[in-house]
Amino acid sequence: MRYKTLGGTGLKVSEMCLGTWGIGGAGWDAYSDETRLDAIHAALEQGVNFIDTAPGYNGGAAERLVGRAVRDMGVREDVYIATKCGTEYIDGQYVRFGAEKDILRECDESLRNLQTDYIDLYLVHWPNLNFPFSETMGALEKLKQQGKVLHVGVCNFSREQMEQATQYCPIEVYQAQHSMVYRDNEAQMQWAASQGMGVMAYGALGGGILTGAIREARTYAPSDSRNRFYKHFQEPMFSRIMALLGEMDALAAEKDGMPLAQIALNWSARKDFVSTCLVGAQTRAKVEQNTAAFDHTLTDGDIARLDAAIEKYL
Ligand SMILES: NC(=O)c1ccc[n+]([C@@H]2O[C@H](COP(=O)([O-])OP(=O)(O)OC[C@H]3O[C@@H](n4cnc5c(N)ncnc54)[C@H](OP(=O)(O)O)[C@@H]3O)[C@@H](O)[C@H]2O)c1
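Position numbers for residues count from 1 along each chain, tracking the sequence in the order it is written. Per-residue local features of the predicted model are confined to residues with pLDDT of at least 70, and side-chain atom pairs are confined, for both listing and counting, to 80 or more; whole-chain, interface and lining totals are unaffected and use all residues. Excluding hydrogens and water, the side-chain values take into account all heavy atoms of the structure.

## Concerning the overall build of the chain
Helix and strand assignments come from DSSP, with helices taken as H or I runs of at least 4 residues and strands as E runs of at least 2, each series counted from the N terminus. Across its full length, the chain holds twelve helices and twelve strands. Here the chain has a C-alpha radius of gyration of 19 Å; the compact-globule value for 314 residues is 20 Å, and the two agree. Judged by the C-alpha coordinates and their principal axes, the chain covers about 55 × 40 × 35 Å. Type-normalised accessible area, obtained with a 1.4 Å probe on protein chains alone, sets the label of each residue: buried when under 20%, exposed when over 50%, and partly exposed for intermediate values. Counting over 314 residues, the chain shows a buried share of 57%. Should any heavy atoms of two residues lie within 4.5 Å, those residues are counted as being in contact. Restricting the contact set of the chain to residue pairs at least 6 apart, pairs at least 24 apart contribute 75%. With C-alpha atoms as the basis for the radius of gyration, the globule rule is written as 2.2 Å multiplied by the number of residues raised to the power 0.38.

Encoded structure:
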């Protein structure tokens, strides 16, 4: 595993951060709690020291599994936990909050779920324009002063929103979607990095499509994240990405059958504005395949070839 400094937080985080949306148990394929706990154990065993979770991942279920795994392994002081506020999962719906009293309540619930008395990184999950940034960010500043939260960041904000919000509590980390098949946020991620923020790229496997495990169009349940959240699984993107996978297959064959997931993660990790790649996986085998991506690097020529294929097909 390789490590990078997460912007101005100074935290030395693994270049792979374990994502736990699927591990929460809603919106992705189903596994037993034992399998999911084992996936978290596997990540920590392979040198991952950064875990991303949220109360919005199935009503705190993901946070509770993270809390259990970290407690069972006795590694709280060696692991950085990022969790979020402002989005909860209630009766199968994602509901947004932004009032100070709700942020303070959510933080206490997350601390209980995670079985800890501090959160290393607390992120606003989505901008909520029904509340002034002074209120939401002011609540985060209060939590920092109370010592419940050590560092603060935001997800899914525009540059303008970050410029406004940071006045009320300094934003140290920016988390946004970024992968070979989704580059819309690249300019603001570059800007965030230039401002000294740590940058977390989520969906680095394109919701799984970049692993090559899915080669035929399928109909997913309305609640499935591959239906409602990631648009890569629907036409016209699906066919374009299949063409891109063809180029990745050719590169993989030249690299002794390197798994496509490792090619995709290497491509992400090579971006100088990315501090860490967020990867969601619910089994030990997948986690181990993904962490192994950070034991080697693609050449500049490989990256140029992938960039040309992205340009051609997407
Ligand atoms: N801030 C935000 O708004 C936001 C939004 C989205 C995501 N996130 C964070 O980012 C994390 C990562 O994103 P994501 O989970 O949405 O998408 P992702 O990591 O791009 O893809 C997850 C999918 O890839 C599959 N997968 C993982 N490794 C694999 C492998 N080696 N071979 C085959 N399939 C593999 C997973 O399978 P299984 O599930 O079956 O193991 C799952 O279906 C999330 O878990 C979450 O922590 C944050």
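## Some words on the site of the ligand
Only a single heavy atom is needed: when it lies within 4 Å of a molecule or strand, its residue is near that molecule or strand. Near the ligand lie 31 residues; those nearest to it are Tyr31, Asp52, Gly207, Tyr230 and Gly280. Whenever a nitrogen or oxygen atom comes within 3.5 Å of another N or O atom, the pair is scored as a polar contact, on the condition that within protein one atom can donate a hydrogen and the other can accept it, and that pairs from neighbouring residues in sequence are kept only if both atoms are in side chains. Tyrosine 31 places a side-chain nitrogen or oxygen 2.6 Å from an oxygen atom of the ligand. Note that an oxygen atom of the ligand is positioned 3.2 Å from one of the backbone N or O atoms of glycine 208. Method for areas: the Shrake-Rupley scheme with a 1.4 Å probe, in which residue coverage is limited to the protein chains shown. For the ligand, the protein covers 95% of the area, taking 900 Å² as the surface of the free molecule.

## Details of the side chain of threonine 136
Along the chain, the position of threonine 136 falls in helix H5 (residues 133–145). By relative accessible area, threonine 136 is classed as buried at 8%. Residues in contact with threonine 136, not counting those within four places in the same chain, are Gly98, Ile103, Val124 and Phe131.

## Structural notes on the nonpolar core
Burial of nonpolar side chains together is a common tendency in soluble globular proteins. In plain words, nonpolar cores are sets of buried Ala, Val, Leu, Ile, Met, Phe, Trp, Tyr and Cys residues tied together by side-chain atoms within 4.5 Å. Ranked by internal contacts, the top residues of the largest apolar core, which has 105 residues, are Met137, Leu140 and Met248. Here the element with the most residues in this core is helix H9 (residues 237–254); it accounts for nine residues. Once residues within four sequence positions are removed from consideration, leucine 140 is found in contact with Cys85, Ile103, Tyr122, Val124, Val152 and Cys169.

## A few points about the pattern of salt bridges
One side chain can pair with another of opposite charge once the charged atoms of both are near each other. Throughout this description, the term salt bridge denotes a Lys or Arg side-chain nitrogen within 4 Å of a carboxyl oxygen of Asp or Glu. In this structure the tally under the stated criterion is 22 salt bridges. Residues glutamate 163 and arginine 159 are paired through a salt bridge, measuring 3.3 Å at the closest nitrogen-oxygen approach. Highlighted residues: glutamate 163 and arginine 159, both in helix H6 (residues 159–165), separated by four residues, approximately one helical turn. Given the relative accessible area of 35%, arginine 159 is considered partly exposed.

## Things to note about unusual backbone geometry
Keep in mind that most residues, glycine aside, have a negative phi and that most peptide bonds are trans. The linkage connecting glutamate 235 with the following residue, proline 236, adopts the cis geometry, with an omega of 10°. You can see proline 236 is positioned in the loop between helix H8 (225–228) and H9. Unusually for a residue other than glycine, aspartate 91 sits at a positive phi of about 50°. With respect to the helices, strands and loops of the structure, aspartate 91 is situated in the loop between strand E6 (87–90) and strand E7 (93–96). Since its relative accessible area comes to 75%, aspartate 91 is described here as exposed.

## Remarks on the packing of H9 against helix H10 (residues 260–269)
Structural elements are reduced to axes, namely lines fitted to C-alpha atoms, with helices fitted over the stretch in contact, and the angle between N-to-C directions of any two is expressed from 0 to 180 degrees. Put simply, H9 and H10 touch, their axes get as near as 10 Å, and they point 100° apart. On the basis of their axis angle, the class for H9 and H10 is roughly perpendicular. Each of Leu245, Met248, Asp249, Leu251 and Ala252 in H9 lies in contact with H10, whose residues at this interface are Leu260, Ile263 and Ala264. Grouping the amino acids of the contact of H9 with H10 by side-chain chemistry returns seven nonpolar, no polar and one charged. Orientation labels follow simple angle bins: below 35 degrees gives roughly parallel, above 145 gives roughly antiparallel, 65 to 115 gives roughly perpendicular, and whatever is left gives oblique. Under the grouping applied here, Gly and all other residues not named as nonpolar or charged are polar, the nonpolar ones being Ala, Val, Leu, Ile, Met, Phe, Trp, Tyr, Cys and Pro and the charged ones Asp, Glu, Lys and Arg.

## Description of the pairing of strand E3 (residues 16–19)
Both faces of E3 are covered, namely the face carrying Met16 and Leu18 and the face carrying Cys17 and Gly19. Pairing between two strands requires that DSSP report at least two bridges joining them. Pairing geometry for E3 and strand E12 (residues 276–280), over four bridges, is parallel. Residue pairing across strands places leucine 18 opposite valine 279, the latter belonging to E12. With two bridges joining them, E3 and strand E4 (residues 50–52) adopt parallel strand pairing. Along E4, the bridge assignment pairs glycine 19 with aspartate 52.

## Quick word on helix H3 (residues 61–73)
With 13 residues, H3 extends 19 Å between its outermost C-alpha atoms, agreeing within 8% with the 18 Å of an ideal straight helix rising 1.5 Å per residue. Ala61, Ala62, Glu63, Leu65, Val66, Gly67, Ala69 and Val70 are the residues of H3 that are buried. Buried residues belonging to H3 abut helix H1 (21–24), helix H2 (33–45), E4, strand E5 (80–85) and helix H4 (100–114). Once H3 ends, the next one or two residues include glycine 74, with phi positive near 65°. Expected helix span is given by 1.5 Å per residue-to-residue step, counting one fewer step than there are residues.

## Quick notes on the sheet that holds E12
Hydrogen bonds along the backbone pair up the strands of a sheet, which may run parallel or antiparallel. Read around the barrel, eight strands follow the order E3-E4-E5-E8-E9-E10-E11-E12 and close on themselves; strand pairing throughout is parallel. When strand polarity is set aside, the average angle formed by the axes of neighbouring strands in this sheet is 30°. As defined by bridge partners, E5 adjoins strand E8 (residues 119–124) across four bridges and the pair is classed as parallel. Counterpart to cysteine 85 in the pairing with E8 is valine 124.

## Brief notes about the environment of alanine 43
When you line up the elements, alanine 43 lands in helix H2. Take alanine 43: its relative accessible area is 0%, and that puts it in the buried class.

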